[in-house]
Amino acid sequence: MQERHDAPLAPLTTFRLGGPATRLITAVTDAEVIDAVREADASGTPLLIIGGGSNLVISDKGFEGTALRIATTGFDLQGTRLELAAGENWSDAVARTVEAGLAGIECMAGIPGSAGATPIQNVGAYGQDVSATITEVVAYDRRSGETVVVPNAECAFSYRHSRFKEDPSRYVVLRVRFELEDAGGLSAPLKYPETARVLGVEAGDRVPAARARETVLKLRAGKGMVLDPQDHDTWSAGSFFTNPVLTAAEHTAFLTRVAERLGPDVAPPAFPAGDGLVKTSAAWLIDRAGFTKGYGSGRARISTKHTLALTNRGEATTEDLLALAREVRDGVHEAFGVTLVNEPVTVGVSL
């Protein structure tokens, strides 16, 4: 277990932002993770868990406490059952399951970060969410001081949410277990229209899983959503805002604002979200509110490839990023009456 003091945290995040931690521990086994958490809890020391750093916005002042970087490894595939250690690189794990001819997570290729973060955020993209394939999450319960196994039904998964995100100070994810599908090398049925269109098939069709993965990687790269140290459009947390989910009344009011601002013939994206709810597109809202690709003149700007990504152009600070995020959020609310919610976790700051 490595230990450093006054350790920079910016290099551990995809934004490359944030000040130092008082203490940084890098744990490479589950036992080391648990020991570090127990030590911090016993001493009352604030604790920050870091995986791949792809979903963190850390204060310029840094973190006064112990930052625990989970660098555990473990890829165990038995038939269609997969167990990943929390520190495993998610995108690499997806590639290995596709190479094994299995389906279920191939459309989540290229998502940065570690496997342990996937159940917390209920990570998803291009029509797939991890909640559809996760069977169990092994976690350390800081309240009971024990390692627990949480079955899928008790994870309270919803859109970009889970019980782990709801109570972030309670659980530390150690391992994630999945049940994938052996479809003879084919993908799961394609749910996302853009993916199906690019592949030249209909929604619901299957294609070779490797083709689906390669297509998603190309789509993500075209939007600056695949990490590239030379491309500042990827110095981001991917989608900065979640897609708003509106009640029927909120959706009606939203449509009225759209008609007033853009004309009666404009139809914003709308997707059923269960229980009478409607999900719309954050990217559409941002663009139609006047925040187009490349917007901004400072050190933090909207990506030149995708309106939903806020980026560090190389010398930005966290405050630069937050100023841009607030401008976008407030502008969208003024235009359409919808309040955008940030997807990344904020540490020592708030939007």
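Data block above holds the structure.
Below or above, wherever it landed, is the structure these notes cover. Everything numeric in this text was worked out from a predicted model, so none of it was measured.

Some remarks on the overall build of the chain
- Looking only at helices and strands, one finds nine helices and 20 strands in the chain.
- Burial analysis of the chain (351 residues in total) assigns 49% to the buried set.
- Pairs at least 24 residues apart make up 62% of the contacts formed inside the chain by residues separated by at least 6 positions.
- Approximately 15500 Å² of the chain is accessible, and the part contributed by carbon and sulfur atoms is 49%.

Some remarks on the sheet that holds strand β17 (residues 278-279)
- If you walk across this open sheet you meet the three strands as β15-β17-β16, and the pairing is antiparallel. Each edge of the open sheet carries a strand with a single partner, namely β15 (245-246) and β16 (271-272).
- Looking at chain direction, β16 and β17 are connected through two bridges and run antiparallel. Bridge pairing links P272 to V278 in β17.

Quick word on the packing of helix α7 (residues 248-262) against helix α9 (residues 318-336)
- At their nearest, the axes of α7 and α9 sit 8 Å apart, and the two run at 90 degrees to each other. Considering their axes alone, α7 and α9 lie roughly perpendicular with respect to each other. Taken together, the residues of α9 that come into contact with α7 (itself represented by F254, R257, V258, R261 and L262) are H333, E334, A335 and F336.
- Partitioned by chemical class, the residues of the contact of α7 with α9 number five nonpolar, one polar and three charged.

Remarks on the pattern of salt bridges
- Scanning all chains against the criterion turns up 20 salt bridges.
- Between E83 and R175 there is a salt bridge whose closest N-O contact spans 3.4 Å. With E83 in strand β7 (residues 81-85) and R175 in strand β13 (residues 171-179), this residue pair connects regions lying 92 residues apart in the sequence.
- The class for E83 is buried, based on a relative accessible area of 19%.
- R160 is paired through a salt bridge with D129; the nearest N and O atoms lie 2.9 Å apart.

As for the packing of aromatic side chains
- One pass over the structure, following the stated rule, counts nine aromatic pairs.
- Ring geometry for F15 against F240: centres 6.3 Å apart, planes inclined by 70 degrees, an arrangement best described as edge-to-face. Highlighted residues: F15 in the loop between β1 (2-8) and β2 (20-27) and F240 in the loop between α6 (209-222) and β15, separated in sequence by 225 residues.
- Residue classification places F15 among the buried positions, given a relative accessible area of 1%.
- You can call F240 buried: its relative accessible area is 1%.

Quick notes on α7
- The end-to-end C-alpha distance of α7 is 21 Å, a good match for the 21 Å that 15 residues give at a rise of 1.5 Å each.
- Within α7 the residues assigned to the buried category are H251, F254 and V258. Burial along α7 is one-sided: seen end-on, the buried residues are contained in an arc of 60 degrees. Pointing more than 90 degrees away from the buried face of α7 are the exposed residues A249 and E260.
- Buried residues belonging to α7 abut β15, β17, α8 (282-288) and α9.
- G263 sits one or two residues past α7 and shows a positive phi near 110 degrees.

Quick look at the environment of G314
- Among the secondary structure elements, G314 is positioned in the loop between β19 (310-312) and α9.
- Taking relative accessible area as the criterion, G314 reaches 32% and is therefore assigned partly exposed.
- Remark: the alpha-carbon pair of G314 and H232, spanning 82 residues in sequence, is separated by 6.9 Å.

A few points about the nonpolar core
- With 35 residues, the main nonpolar core has L84, W90, I134 and F178 as its most contacted residues.
- Listing elements by their share of this core, those giving two or more residues are β7, α2 (90-99), β11 (134-141), β13 and α6.
- Tallying contributions element by element places β13 first for this core, with four residues.
- W90 has contacts with L84, I105, M108, I111, G113, S114, A115, T118, V130 and F178, leaving out every residue within four places of it along the chain.
- Residues F241, A316, A335 and L340 belong to the second largest nonpolar core, which totals 33 residues.

Some details on α6
- Between its terminal C-alpha atoms α6 stretches 20 Å, which fits the 20 Å expected from 14 residues at 1.5 Å a residue.
- Buried residues of α6: A209, A212, T215, V216, L219 and R220, and no others. On an axial view of α6, the arc spanned by its buried residues comes to 135 degrees, and they lie on one face.
- A positive phi of about 70 degrees marks G224, the residue just after α6.

Re the sheet that holds β2
- Reading across from one edge, β1-β2-β5-β3 is the order of the four strands in this open sheet, with mixed pairing throughout. If you trace the sheet from one side to the other, it starts and ends with β1 and β3 (47-50), each paired once. For this sheet, the mean inter-axis angle between neighbouring strands, taken without regard to orientation, is 25 degrees.
- Both β3 and strand β5 (residues 63-70) contribute to a ladder of four bridges, which runs parallel. For L48, the partnering residue across the bridge sits in β5 and is A67.

Calculation criteria
Residues numbered from 1 in each chain as written. Predicted model: local features only at pLDDT ≥ 70, side-chain atom pairs only at ≥ 80, totals over all residues. Heavy atoms only, no water. Helix = DSSP H or I, 4+ residues; strand = E, 2+ residues; numbered from the N terminus. Buried < 20%, exposed > 50% of the residue type's maximum accessible area, 1.4 Å probe, protein only. Contact = heavy atoms within 4.5 Å. Areas by Shrake-Rupley, 256 points an atom, 1.4 Å probe, with all protein chains shown as cover. Pairing = 2+ DSSP bridges. Axes fitted to C-alpha atoms, helices over the stretch in contact; angles between N-to-C directions. Parallel < 35°, antiparallel > 145°, perpendicular 65-115°, else oblique. Nonpolar A, V, L, I, M, F, W, Y, C, P; charged D, E, K, R; others polar. Salt bridge = Lys/Arg side-chain N within 4 Å of Asp/Glu carboxyl O. Phe/Tyr/Trp six-rings, centres within 6.5 Å; stacked < 30°, edge-to-face > 60°. Expected span 1.5 Å × (residues − 1). Arc of directions from axis to C-beta. Core = buried A, V, L, I, M, F, W, Y, C linked by side-chain atoms within 4.5 Å.

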